[in-house]
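Observations on the three-dimensional arrangement
Each chain, written out:
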Amino acid sequence: MGRRAFIGLVVGGTAGTLLTPIPWKLTDDASIWSQNWPWIPRVPNGDFELKPSLSKLDNSGVGVNVVTVKGRPCAVYGNPEHPLSRGGISSLAVNEAELLYSPSRVQSPLKREGDSLIPISWDDAKALLAEKLKAAGSDVACVSGDDTGSGTDVFSAFVAAAGSKLCFYMPAEQVDAGRAWQRLGGQGMVGYDIENADMVLAIGADIFESWGTHVRNAQAFNKANPMGGEQAMRVVYASPIKNRGAAVADAWVPVLPGSEAALALGIAYHLIQGGATSGGPGFEAFRSAVRSGYSPEKVQQATGLTPEQVADLAKRLASAKRPLVIAGSSFGQGGGQNAVAAGLALNLLLGRLNKAGGIYALPEAPAVVQGSMPRRQILANDFVDYMLKVGAEQTKAPAVLLAYEANPAYALPQTELMAQALDKVGFLVSFSSFMDETAAMADLVLPTPLVMERTEDMYTPYGSGWVNYTVATPVIAPVFDAVPAADVLLQVASGLGHNLGFESFEDVVKAKAEALNAMGGFAAGAKAEPWKVRVGGGAPSSSGVSDAVQAGKAWVSMATVNASGLSLAKAAAGQAAAPAGGEFPLVLAPLFELNVGSSKVAIPPHNVSTIRDTEAANGHFFVRMNSATASKYGTGQGKQVTIASKTGSIKARVSIDEGVMDGVVAAPLGFGHTAWDKFAQNKGDNVSKVLTVASEPGVAAPFWAGSMVKIA
């Protein structure tokens, strides 16, 4: 299939009239709640249509079907033909239609004048942006909250054309994982073949809520555990809290926050003692490091697990036919590289590289934007480290910082210090759909259409076991006066004499599609499921791609890259150690629950009713601890407390939860917004304030899992 046919089908995708009664019911629900909030338009009378799109409100990367009536979106469902959805959808993505009309949408370009942001025209906004960028020269930086779209390619290319190397990703699980993979010598990006695994050990990584392709993971688990049928996959989840993921797993193993690497290497210790070996490079160094630094006694001090419990996990993995280990942070960020690297090492030790149900080395997206920075180069830049140095005046703040779909003023650890560092930026530009905390403090706010209102793409979100690419085209014209960020930057770049090779973002997407099409592949669907192709099911011929992609399915390839450079030599860093204790004796376990938002989106209005009284009420939010911990520190159910760390404090009430480990305070992320709208403001406090950045052992990079706190 040629370039014209491929992109023509992708861009032109719509589906026919919907005949099933389910969307009628859900759209009726939308109509009911819309009657209560006057800023939501009523659902018009008319025939229903389904239009394919995708959601980027969280990391799951699901393809969705949008129900429209007379061209107006009124409900969103998971797309059963999309391999990362299979009909599933996250509690954030289901709000895509309602958020089009959210009162927190930025409705026009805004310029700062004193303490206020005033509306200006797009012509004036672009002229002001060009003026500031021209004056800044190479003193420009950007931070992106999107690591799967080609929009970041445009931003990195612009920064590079200006003569700067300062392009960053916002902190996220996939960023740490990318660095860990590279540290072991991996090329491309790591993929996890969850569907074909028969035993998944998730260490820290909350695979059903915050880790990677969590909607796809949950669907794989559901399909492997049919009601009344034979169980084909078991999941063991190690985390400090018996959260939603732990509740549905076959077993929950309580481990202290920040000890994920110690647990993985403790398991490696038992496997090696049992005779496990690897013919790959670096095994002798790895074995020596594990034996000296991760003995059962040291791992017990670090994790809280007995040697027998750790040995049992090793036995479970060794006895499984297709085991898979997924390690990471329990709250989707801040876990550092060591945990991911240790988890990857376990997979290598178990011989799970390029095996069904194991891990795969997947190719990165082809670069099409002239001068764009390779993903490897962006991963080498650490935004938290950079901003800490800016705050401490060890590094000069940039003259211009471009924040692309990122909210660093709210989502970075040590939030108050980070906000002070942002305040040192000469000219802060926020490309955002919503009036978030970063937009509220910006000098220039440029409204970005939501995915449903623009052309957008997504290449292989972290966690996927195969390469995939999805393109969304506008389902509706922008509700407000918003312009795609990449189009704005391409126009400004052209005016400044920077040739990025394209005049529009749509052309960028076309070029990306053409480049991917050269890799072969097929369109996924009910008769072309990637996980079955992975085990020899046979890939469909390209002749079937056209109709499938037209229906909004994902393009998929089983391509891999050379993994011969992977080495275990750097997989075990530092030594297992107990939490530091001292003035701050409690370990903080942040809770990531999608219904209250993500680092990019605050609590959607539709989700307010999903927050229980034991999570937030009357302006307060609740931290959780078990009764023994509460009693030890003189507090109890409903009592107000101040949780303090070295870097900040938050106020909360206590909810007693026996599913939290001794000595652990579990605190939900997503509250404490100061911007957005009345549905997100004045609800609790921002837990990121008390996340304390430390230097990760053996890596010397920032991490903040296992932050220590006290009840003040």
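Please refer to the structure placed before this passage.
Heads up: these notes are all about the structure in this document. (Residues numbered from 1 in each chain as written. Predicted model: local features only at pLDDT ≥ 70, side-chain atom pairs only at ≥ 80, totals over all residues. Heavy atoms only, no water.)

1. Some details on the pattern of salt bridges
Note that side chains of opposite charge can pair when their charged atoms are close. In the structure shown here, the tally under the stated rule is 28 salt bridges. Between Asp-139 and Lys-396 there is a salt bridge, and its shortest N-O distance comes to 2.6 Å. You can see Asp-139 sitting in the loop between helix H4 (122–136) and strand S6 (140–144) and its partner Lys-396 sitting in the loop between helix H15 (383–391) and strand S14 (400–404), a full 257 residues away along the chain. Among the ionic pairs, Arg-244 bridges to Glu-209, the shortest N-O distance being 3.2 Å. Placement of the pair is Arg-244 in helix H8 (residues 244–248) and Glu-209 in the loop between strand S9 (199–203) and helix H7 (214–224), with a sequence separation of 35 residues. Beyond isolated ion pairs, a larger network of salt bridges with shared partners links Glu-209, Arg-244, Glu-593, Arg-612, Glu-615, Arg-624 and Asp-657. (Salt bridge = Lys/Arg side-chain N within 4 Å of Asp/Glu carboxyl O. Helix = DSSP H or I, 4+ residues; strand = E, 2+ residues; numbered from the N terminus.)

2. Structural notes on the packing of helix H9 (residues 260–273) against helix H11 (residues 296–303)
The N-to-C vectors of H9 and H11 enclose an angle of 155°; their axes lie 9 Å apart at closest approach. When the interaxial angle is binned, H9 and H11 end up roughly antiparallel. Crossing of H9 over H11 shows left-handed handedness. Contacts from Ala-262, Leu-263, Gly-266, Tyr-269 and His-270 of H9 reach H11 at Pro-296, Val-299, Ala-302 and Thr-303. (Axes fitted to C-alpha atoms, helices over the stretch in contact; angles between N-to-C directions. Parallel < 35°, antiparallel > 145°, perpendicular 65-115°, else oblique. Left-handed = near helix turned anticlockwise from the far one by under 90°. Contact = heavy atoms within 4.5 Å.)

3. A closer look at the packing of helix H6 (residues 173–183) against helix H13 (residues 338–349)
At their nearest, the axes of H6 and H13 sit 8 Å apart, and the two run at 55° to each other. Taken together, the axis directions place H6 and H13 in an arrangement best described as oblique. In this structure, the crossing between H6 and H13 has a hand that is right-handed. Across from Glu-173, Ala-177, Ala-180, Trp-181 and Arg-183 in H6, the residues of H13 making contact are Asn-338, Val-340, Ala-341 and Leu-344.

4. Points about the side chain of Ser-164
Locating Ser-164 in the fold gives a position in the loop between helix H5 (151–161) and strand S7 (167–169). A polar side-chain atom of Ser-164 sits 2.7 Å from the main-chain carbonyl oxygen of Val-140. Of note is the side chain of Ser-164, whose polar atom sits 3.0 Å from the backbone nitrogen of Leu-166. Residues in contact with Ser-164, not counting those within four places in the same chain, are Ser-138, Val-140, Val-159 and Met-373. (Polar contact = N/O pair within 3.5 Å; in protein donor to acceptor, adjacent residues only side chain to side chain.)

5. Structural notes on the sheet that holds strand S1 (residues 48–54)
Sheets are built from strands that pair by backbone hydrogen bonding, the pairs being arranged parallel or antiparallel. Across the sheet, which stays open at both edges, the three strands sit in the order S1-S2-S3 with antiparallel pairing between neighbours. Of all the strands in the sheet, just S1 and strand S3 (72–78) have a single pairing partner and so form its edges. In this sheet, adjacent strand axes meet at a mean angle of 30° when their direction is disregarded. Where strand S2 (residues 63–69) and S3 come together, six bridges link them in antiparallel fashion. Paired with Val-64 across the bridge in S3 is Gly-78. (Pairing = 2+ DSSP bridges.)

6. Some details on the sheet that holds strand S4 (residues 110–113)
Reading across from one edge, S5-S4-S16-S15-S14-S6-S7 is the order of the seven strands in this open sheet, with mixed pairing throughout. The sheet is open, and its two edges are formed by strand S5 (116–119) and S7, each paired on a single side. Between one strand axis and the next, the sheet turns through 20° on average, direction left out of account. Judged from the four bridges that link them, S4 and S5 form a sheet pairing that is antiparallel.

7. Observations regarding the packing of aromatic side chains
This structure, assessed with the given rule, holds twelve aromatic pairs. An angle of 55° between the planes, with centres 5.2 Å apart, marks the rings of Phe-168 and Phe-383 as tilted. One end of the pair, Phe-168, is in strand S7; the other, Phe-383, is in helix H15, with 215 residues separating them in the sequence. Accessibility expressed as a relative area gives 2% for Phe-168, which makes it buried. Judged by its relative accessible area of 1%, Phe-383 falls in the buried class. Arranged with centres 4.8 Å apart and planes meeting at 25°, the rings of Phe-168 and Tyr-386 form a pair that is stacked. Of this pair, Phe-168 sits in strand S7 while Tyr-386 sits in helix H15, and the two are 218 residues apart along the sequence. Comparing Phe-168 with Tyr-386 shows no difference in burial state: the two are buried. Ring pairs connect the aromatic residues Phe-155, Tyr-404 and Phe-431, which therefore count as one cluster. (Phe/Tyr/Trp six-rings, centres within 6.5 Å; stacked < 30°, edge-to-face > 60°. Buried < 20%, exposed > 50% of the residue type's maximum accessible area, 1.4 Å probe, protein only.)

8. Remarks on helix H10 (residues 283–293)
Where H10 is concerned, the buried positions are Phe-283, Phe-286, Val-290 and Gly-293. Buried residues along H10 cover an arc of 125° about the axis, so they all sit on one side. Buried-residue contacts for H10 involve H9, H11 and H13. (Arc of directions from axis to C-beta.)

9. A short note on the state of the cysteines
Summed over all chains, the structure comprises zero disulfides. Not engaged in a disulfide, the cysteine Cys-142 finds its nearest cysteine sulfur in Cys-167; these two sulfurs lie 3.2 Å apart. We classify Cys-142 as buried; its relative accessible area is 1%. Relative accessible area serves as the criterion here: at 0%, Cys-167 is assigned to the buried category. (Disulfide = S-S within 2.5 Å.)

10. Some remarks on unusual backbone geometry
The phi dihedral of Glu-393 is positive, around 60°, even though this residue is not glycine. Take Glu-393: it is sitting in the loop between H15 and S14. Since its relative accessible area comes to 62%, Glu-393 is described here as exposed. Its identity as a non-glycine residue notwithstanding, Glu-405 has a phi of 45°, on the positive side. Relative to the helices and strands, Glu-405 resides in the loop between S14 and helix H16 (408–411). Looking at Glu-405, the relative accessible area reads 15%, which means it is buried.

All we've got here are geometric facts, nothing functional implied.
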